[in-house]
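In case you want the letters, here they are:
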Amino acid sequence: MAAATRQGDLFNQGLNSDQVLPLRSAQLPDELSISQEQLQTWQARIHHHQAPLFQGRATPGAQTQLFASAPGNDPLAGFNPLALRALPLSFWRWPESPHQGAAIYLVMDRPPQLETPILLYVGETLAADRRWKGDHDCKAYLAAYGEALSSAGLASQPSIRFWSDVPTQTRARRRLELELIQTWLPPFNKETRERWATPFRAD
């Protein structure tokens, strides 16, 4: 009974999108399944925050222009993630990578019941053709997320997009990555998992 209560608390539908929930994913037992309604509620909360950004509007409290050096010099001005080419997550197995060099990468899903995609993860790399190979925390969360959706009978359309018009200097690129994370609040980044009570295990 206590486990069921914890599960219900994760997806308390009385909470609005600006309220912070405690991170409890680590305490979820493996056998505790997540219902279709709970998954869709979790997706909808993220969508509520991100949809205005996908539509080119700021959301209340969004931290924009954190690192712009001067007005009109915002590196995110006009940034449109949907204009970037969507690739399957298995792109790294292709004989030739479609992207090379420094990049910001964005992992998304497109739940069919929502008007816009949801941005799940933002990362940065100096080698776009190699970063997604091997172990990656986001891969573990995506695998658990996909398994939960499949078990609940929900569709998933994950994709990854690379933004190559970014600084080659690592410090500047990481500041840009942080600005994106603070604005979009993607749930699989460590900075935001607690906010969304991300209910998927990465271990």
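Residues numbered from 1 in each chain as written. Predicted model: local features only at pLDDT ≥ 70, side-chain atom pairs only at ≥ 80, totals over all residues. Heavy atoms only, no water.

Comments concerning the overall build of the protein
If you tally the helices and strands in the protein, you get five helices and three strands. A burial count over the protein gives 45% of its 203 residues as buried. Contacts spanning at least 24 positions in sequence make up 75% of the contacts within the protein whose residues lie at least 6 apart. Working note: accessible area of the protein is about 10,500 Å², and carbon and sulfur atoms make up 48% of it. (Helix = DSSP H or I, 4+ residues; strand = E, 2+ residues; numbered from the N terminus. Buried < 20%, exposed > 50% of the residue type's maximum accessible area, 1.4 Å probe, protein only. Contact = heavy atoms within 4.5 Å. Areas by Shrake-Rupley, 256 points an atom, 1.4 Å probe, with all protein chains shown as cover.)

A short note on the confidence of the model for the protein
Across the protein, the average pLDDT comes to 76, with 65% of residues at 70 or higher. Taken element by element, the protein is modelled with least confidence in helix α1 (residues 2–10), mean pLDDT 41, and with most confidence in helix α2 (residues 36–54), mean pLDDT 95. Confidence over residues 1–31 falls short of pLDDT 50; this stretch has 52 contacts with residues more than four positions distant or in other chains. Contacts for the low-pLDDT stretch residues 62–71, under 50 throughout, to residues beyond four places or in other chains number 16 contacts. (pLDDT = per-residue confidence, 0-100.)

Notes on the sheet that holds strand β1 (residues 103–109)
Read across the open sheet, the three strands follow the order β2-β1-β3; overall the sheet is antiparallel. Where the open sheet ends on each side, the last strands, each with one partner, are β2 (118–125) and β3 (159–163). Shown here is a sheet whose adjacent strand axes are inclined to one another by a mean of 20°, direction ignored. Judged from the seven bridges that link them, β1 and β2 form a sheet pairing that is antiparallel. Within β2, the position partnered with V107 by the bridge is Y121. Across the face of the sheet, helix α4 (residues 170–184) comes into contact with β1, β2 and β3 while running at roughly 170° to β2. (Pairing = 2+ DSSP bridges. Axes fitted to C-alpha atoms, helices over the stretch in contact; angles between N-to-C directions.)

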